[in-house]
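# Report on the structure
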Amino acid sequence: MRIVPSAWLTSRPPLAQWLALIIGAGALGGLFRLIHLPAAFFLGPMFVGIAFGVMGSSAQVPLRVYQFSIGLVGALVAHSITLGVLASLLQDWPLMLSATVLTVLLSLVAGLALMWLGRLPASSALWGTAPGAAPVMMSMSENYGADPRLVATMQYVRLICVIAISALVSHQLASAPTVVPYVPSISSTMPAYLLNVGLSLALVLIGVVMGLRLPAGLMLCPLLLAVLAQLSGAFQITLPGPLMAVAYAAIGSYVGLRFDRATLIYVVRKLPVMLAAALMLIGFCAASAWLFAVLLERDYLSVFLATSPGGLDSLSIIAMESGGDVGLVVTLQTLRLFAVVLFTPPLVRLCLRLFKRNAGSG
C-alpha cells in the first residue's frame with residue numbers, strides 16, 4: 001500500500017499549514033462541542049492532527065507548548081482533589097493496587113498473544129502493549145532489542161483507540177463536569193482575579209520545570225503544587241476557560257501529529273494486528289472495570305477511565321469534562337505508570353526467556 005502526501009498541503013509554506021491546522025482543529029472541536037462530546041477541544045484537534053500528519057504536513061506543536069499545556073491540565077485537576085477525596089482514596093488503596101496489577105497483567109496477556117501468533121517481533125509485541133506512556137516505553141524498549149518505531153506506533157494506536165472509545169462511553173454516561181475553569185464571582189475584584197491567574201501560571205511553570213525528568217512529572221508536579229496551594233489556602237488556582245481550550249487543543253494536536261507519513265508507511269501492514277491488540281486490551285480492561293466498580297462502590301465511567309490503558313493527561317481531560325471521579329482516575333493512572341516502569345522490564349525478560357526456550361525445544 002502506497003501513501004502519497006497531499007501536494008496541496010505540503011506545497012504551502014509552514015505558516016499557511018499552521019493556519020489550516022488551527023482552523024480545522026477549531027472547526028472540528030466546535031462541532032464536537034455542539035453535539036456535546038466530552039473533551040471536544042481535545043478530540044477535534046487530535047483527529048485533525050492525524051489527518052495533517054498522514055498528509056505530510058510539516059506543522060508541529062512546539063515541545064515547550066505541549067509540556068506547559070500538560071502542566072495546565074495537572075493544575076486544573078487539583079480543583080477536584082480535596083481532603084475528603086484523599087481520605088477516600090487512601091481507604092481503598094488495596095483495591096486500587098489490585099486494579100493496577102491486573103491492568104499490567106492483562107497487557108502482558110495481549111503481548112503474549114501477539115508473540116504466539118507470530119504477527120510481531122516478540123520484544124516489540126510486549127513493549128508495544130505495555131500500558132505506559134509512549135515516550136517512556138519507546139526509550140526503555142530499545143535496550144531490550146525492540147523496534148522503537150514499532151513500539152511507539154503501537155502505543156499511539158492504542159492511545160487513539162482508548163481516547164475515542166472513552167469519549168463515546170463518556171458521551172453515553174456523562175454527568176455534569178466535576179472540574180471547570182475558575183470564574184470569579186461578581187464580588188471578586190479584577191486585580192485579585194488577575195493575581196490568582198498570574199500565580200497559577202507561575203506555579204504551573206515551576207511544576208513543569210520540576211517534572212521534566214520524572215515519569216508523568218509534567219502533569220503530576222503541577223498537580224501536587226496546585227493541591228498544596230489549594231489546601232493551604234495560599235491562593236485560588238485560577239485558569240481561564242479559553243486558556244484551557246487552547247491547552248486541550250495543543251495536547252490533542254501534538255498526539256495527532258505523531259502519526260506522520262513515514263511512520264504510517266513503515267507500519268501500515270501491521271496496523272490491523274495493532275488495532276486488534278489494542279481493542280483486546282481495552283476489552284479486558286473494560287470488563288475488569290465492572291468488577292472494580294462494584295468493589296470500590298464507584299460509578300462505572302470513572303473506573304473505566306481509571307483502568308483504561310491510555311494517557312494520564314488525555315483520560316484526565318475526559319474525566320473532568322464528563323463528570324467522572326478525577327481523583328480516582330489520576331490515582332490509578334499514576335499507580336499504573338509507576339508499576340509499568342518498575343515491573344515491565346523483568347516481566348519482558350522472563351517472557352522472552354520462556355519464548356526462546358520454547359522455540360528452541362520446538
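Below is a summary of the structure that appears in this document. (Residues numbered from 1 in each chain as written. Predicted model: local features only at pLDDT ≥ 70, side-chain atom pairs only at ≥ 80, totals over all residues. Heavy atoms only, no water.)

## Here's the deal with the overall build of the protein chain
The number of helices and strands found in the protein chain is 17 helices and 0 strands. Here the protein chain, with 362 residues, has 51% of them falling under the buried criterion. Taking contacts inside the protein chain between residues at least 6 apart in sequence as the whole, the part at least 24 apart equals 77%. If you sum the accessible surface of the protein chain, you get close to 16,400 Å²; carbon and sulfur atoms cover 71% of it. (Helix = DSSP H or I, 4+ residues; strand = E, 2+ residues; numbered from the N terminus. Buried < 20%, exposed > 50% of the residue type's maximum accessible area, 1.4 Å probe, protein only. Contact = heavy atoms within 4.5 Å. Areas by Shrake-Rupley, 256 points an atom, 1.4 Å probe, with all protein chains shown as cover.)

## A word on the side chain of Thr334
Within the element layout of this structure, Thr334 appears in helix α17 (residues 326–361). Residues within four places of Thr334 in sequence aside, it is in contact with Leu220 and Leu312.

## Notes on the packing of aromatic side chains
The geometry of an aromatic ring pair is captured by the separation of the ring centres together with the interplanar angle, meaning the angle of the planes. On inspection of all chains with the given rule, the structure shows 4 aromatic pairs. With 6.3 Å between their ring centres and 90° between their planes, Phe32 and Phe47 make a pair best called edge-to-face. With Phe32 in helix α2 (residues 14–34) and Phe47 in helix α3 (residues 40–54), this residue pair connects regions lying 15 residues apart in the sequence. Looking at Phe32, the relative accessible area reads 13%, which means it is buried. Between Tyr66 and Tyr254, the ring centres sit 3.8 Å apart and the planes meet at 15°, which makes this aromatic pair stacked. With Tyr66 in helix α4 (residues 63–77) and Tyr254 in helix α12 (residues 241–257), the pair connects residues that are 188 residues apart, well separated along the chain. A network of ring pairs unites the aromatic residues Trp290, Tyr300 and Phe304 as a single cluster. (Phe/Tyr/Trp six-rings, centres within 6.5 Å; stacked < 30°, edge-to-face > 60°.)

## Observations concerning the packing of helix α7 (residues 122–129) against helix α9 (residues 148–173)
Interhelical geometry of α7 versus α9 gives an angle of 35° and a closest axis separation of 8 Å. For the pair α7 and α9, the sense of crossing is right-handed. Across the interface between the two elements, Ser124, Ala125, Trp127, Gly128 and Thr129 from α7 touch Leu150, Val151, Met154, Gln155 and Arg158 from α9. A breakdown of the residues in the contact of α7 with α9 according to their chemical character gives 5 nonpolar, 4 polar and 1 charged. (Axes fitted to C-alpha atoms, helices over the stretch in contact; angles between N-to-C directions. Left-handed = near helix turned anticlockwise from the far one by under 90°. Nonpolar A, V, L, I, M, F, W, Y, C, P; charged D, E, K, R; others polar.)

## Remarks on α7
Counting buried residues along α7, 8 of its 8 residues qualify, which places the element largely inside the surrounding structure. Taken as a whole, α7 has its buried residues at Ala122, Ser123, Ser124, Ala125, Leu126, Trp127, Gly128 and Thr129.

## Things to note about a nonpolar patch on the surface
A surface patch of nonpolar side chains, about 390 Å² in accessible area, is lined by Trp93, Leu97, Val101 and Leu105. Residue placement: Trp93 occurs in helix α6 (residues 93–117). Residue Trp93 is classed as exposed on the basis of its relative accessible area, which comes to 52%. (Patch = residues over 30% accessible without salt bridge, like charges linked within 9 Å, V, L, I, M, F, W, Y side chains within 5 Å. Salt bridge = Lys/Arg side-chain N within 4 Å of Asp/Glu carboxyl O.)

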